[in-house]
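# Results of the structural survey
If you want the building blocks of each chain, they are given just below.
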Amino acid sequence: MESPHENPAFIGDDGKSANGHPRLPRNSDEEASQTLPQKEGIEKERATWGKGVEFLFSCIAMSVGLGNVWRFPFTALDNGGGAFLIPYLIVLFLIGKPIYYLEMAIGQFSSCGSVKVFNLCPAMKGIGIGQVLSISFVTTYYVAIMGMIVRYLFDSFKSPLPWTVCDDAWNETCVASGTTPTPEPIIELSTGVPFVDNTPTTVANFSGASKTVSSAELYFLKDVLREKDNINDGIGLPNWELVLGLLVSWTTIFLVIRRGVKSSGKASYFLALFPYVIMAVLLVRAVTLPGSADGIIYFIKPVWGKILDPKVWYAAVTQCFYSLSVCFGNIIMYSSYNKFDHNIHRDAMIVTTLDTFTSLISGFTIFGILGNLAYEIGTDDIGTVVKGGTGLAFISYPDAISKFKTLPQIFSVLFFLMLFILGIGSNIAMTSCTVTAIRDSFPNIKQWHCALGISIISFFIGLAYVTPGGQFILTLVDFYGASMIALILGILELYVLGWVYGVDRLCKDIEFMIGHRVGRYWRWCWALITPGIMTLILIYFYATYQSLTYNNVPYPNWAYALGWTITAFGVLQVPIWAVVAIVRQPGESLREKVSGAFQPVSSWGPSDPLLREQYNKDLANDNVTKDLSCWGKVKKNFSG
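What counts and how
- Residues numbered from 1 in each chain as written.
- Predicted model: local features only at pLDDT ≥ 70, side-chain atom pairs only at ≥ 80, totals over all residues.
- Heavy atoms only, no water.
- Axes fitted to C-alpha atoms, helices over the stretch in contact; angles between N-to-C directions.
- Helix = DSSP H or I, 4+ residues; strand = E, 2+ residues; numbered from the N terminus.
- Parallel < 35°, antiparallel > 145°, perpendicular 65-115°, else oblique.
- Left-handed = near helix turned anticlockwise from the far one by under 90°.
- Contact = heavy atoms within 4.5 Å.
- Phe/Tyr/Trp six-rings, centres within 6.5 Å; stacked < 30°, edge-to-face > 60°.
- Buried < 20%, exposed > 50% of the residue type's maximum accessible area, 1.4 Å probe, protein only.
- Expected span 1.5 Å × (residues − 1).
- Polar contact = N/O pair within 3.5 Å; in protein donor to acceptor, adjacent residues only side chain to side chain.
- pLDDT = per-residue confidence, 0-100.
- Patch = residues over 30% accessible without salt bridge, like charges linked within 9 Å, V, L, I, M, F, W, Y side chains within 5 Å.
- Areas by Shrake-Rupley, 256 points an atom, 1.4 Å probe, with all protein chains shown as cover.
- Salt bridge = Lys/Arg side-chain N within 4 Å of Asp/Glu carboxyl O.

### Some thoughts on the packing of helix H16 (residues 470-514) against helix H21 (residues 609-621)
Packing of H16 against H21 leaves a shortest axis separation of 12 Å and a crossing angle of 135°. On the basis of the axis angle, H16 is oblique to H21. Read as a crossing pair, H16 and H21 show a hand that is right-handed. Residues Tyr 501, Arg 505, Asp 509 and Phe 512 of H16 form the contact with H21, whose own contacting residues are Leu 611, Gln 614, Tyr 615, Asp 618 and Leu 619.

### As for the side chain of Gln 573
Topologically, Gln 573 is positioned in helix H19 (residues 573-584). If sequence neighbours within four positions are ignored, Gln 573 has contacts with Gly 126, Ile 129, Gly 130 and Leu 133.

### Comments concerning the packing of aromatic side chains
Inspection of every chain in the model, using the stated rule, returns 44 aromatic pairs. Aromatic pair Phe 72 and Tyr 88: ring centres 5.2 Å apart, planes at 65°, arrangement edge-to-face. In this pair, Phe 72 sits in helix H3 (residues 66-78) while Tyr 88 sits in helix H4 (residues 85-110), placing the two residues 16 residues apart along the sequence. Judged by its relative accessible area of 0%, Phe 72 falls in the buried class. Look at Phe 109 and Trp 604: their rings are 6.0 Å apart centre to centre, the planes differ by 50°, and that puts the pair in the tilted class.

### Some words on helix H10 (residues 310-323)
Over its 14 residues, H10 extends 20 Å from the first C-alpha to the last, a length consistent with the 20 Å expected when each residue adds 1.5 Å. Here H10 lies mainly inside the structure; 10 of its 14 residues are buried. Among the residues of H10, Val 312, Ala 315, Ala 316, Val 317, Thr 318, Gln 319, Cys 320, Phe 321, Tyr 322 and Ser 323 are the ones counted as buried. Sitting at the amino-terminal end of H10 is Asp 309, which places a side-chain oxygen 3.0 Å from the backbone nitrogen of Lys 311. Of the residues flanking the end of H10, it is Ser 325, one or two places downstream, whose phi is positive at about 60°.

### Digging into the confidence of the model for the chain
Mean pLDDT for the chain: 83, with 85% of residues reaching 70 or above. Low pLDDT, under 50, characterises residues 179-210; the predicted model gives this stretch 46 contacts beyond four residues in sequence or across chains.

### Regarding a nonpolar patch on the surface
There is a patch of nonpolar side chains on the surface, built from Trp 448, Leu 452, Ile 456 and Phe 460 and spanning about 390 Å² of accessible area. Mapped onto the elements of the fold, Ile 456 is located in helix H15 (residues 447-462).

As structure tokens, then:
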């Protein structure tokens, strides 16, 4: 019978080790430094979180972000409201939780960032590099969205709030988003007789159009974005107000990550907890608005005909994929700073569950607001009340705030401060992922030097998103630089971890690390269900592919060429670095080189020398797995 793997570092709640014996105290860092010889060229000890809860809060701040506030409600709205919730929850258990736990495990086990972790299979190092490129693309436009948040935050100190009133310069049929004004005498032009307007909203600039638009929406499109109809003649010059917001955002990110997890860990308490206070206030306000019940019913009432629609399932997979930030390298990076025996299983369950709970809270809030907007405008079709995308957070929420009867400025400041904090929490993880990947390869670069360099470069790239054509570029980069690259590389990552490195070895690594045996649910998800579903999603994606548009406006040819170049640049990292790994691999024949490039490097394993020695001994004694046939290894992947 195969003996179970024991982690010498694992301590149970009773103070005993995995084998039941009392645990001897480890040497302190000072004693260890005196015991182990200090050789020139040995890597410095990797930083760790000050407390385990800092890791948990940092993961919450990373995963619970702007996507929960605007992407989830819009995706649900676009896919039949409540009909979307059923496939979303199923996908969460088959894709979200398994990948989150898997990435936490390999990051903590190896104490390596998202690139160096592929020492488990050097030929696939390009997956990690491509993911870092993808997350860098995401970071540039994500912070640009935060620049808009900063603009709204400063506008929130004005009285009245600028998006609550209509502006004649908009030349649109505008419905004021503020509270119902006191009726005032208006002169009827045809008779000259004054009358009192008792309509529930103020309408300005009527130009004969039948569709009315809220002042919150027009303010966002006309004043903040100053959006162009197309980018055939270029994207225009940056909006200086949004440039200042971009600068404030990147400065804040740099200040938080300049000392690595030492500083970001302390900030995680505020970044993770404060947004929920404001969310609770806004939820209470949303459900008390007239018409909110209709919007909430639309959200939770399934349209059963859409349950079998593949588009709904595709939307559920992509929402879960991006909401949790899986397959981007962030989770691997954060967990690499954990202590070796940290209980990641517990943290993975907490974060994935809380992320879903937050998405649902945001959904109830936003649909309550949409129901009120439909009530104010006088339509029963909640699905057509407002545009989706990023505009949802900048239109529907401000519109709700404008209806606060007492000091709406205070609630507006708190709300946009919450959005800013959510964005900061996510961006800290994304930027830190890039910093960690660079410093893992070039450890002599100081943390703050690397963080400053990335912040400056990303700021200048971000200027493209704060132009009148910026939303066109943002959509382009999101599609080609984030969605396509992350999906392809994420699938490759799952197959490499599940079948090249092996699910069985992964499970033994986890048991060695935290002393918990991995159940069959995880084995089946990692080996078959999760990569299988992701592969089907990729096939569906290309089978239904249509040229990208923004607001139904096609892009010029140069934009499509730029998009496909970005995708190719990310995906081609895999074959390029596979060739490099094979060439560098020692061996007399090509077959030996290829075989060696797909095997873990000799230094792979726990970073602690004592733990690695014990780990290598366990591997050497595992004769059962070595002697198995190919079919036997497949069965062992599933059953252990």
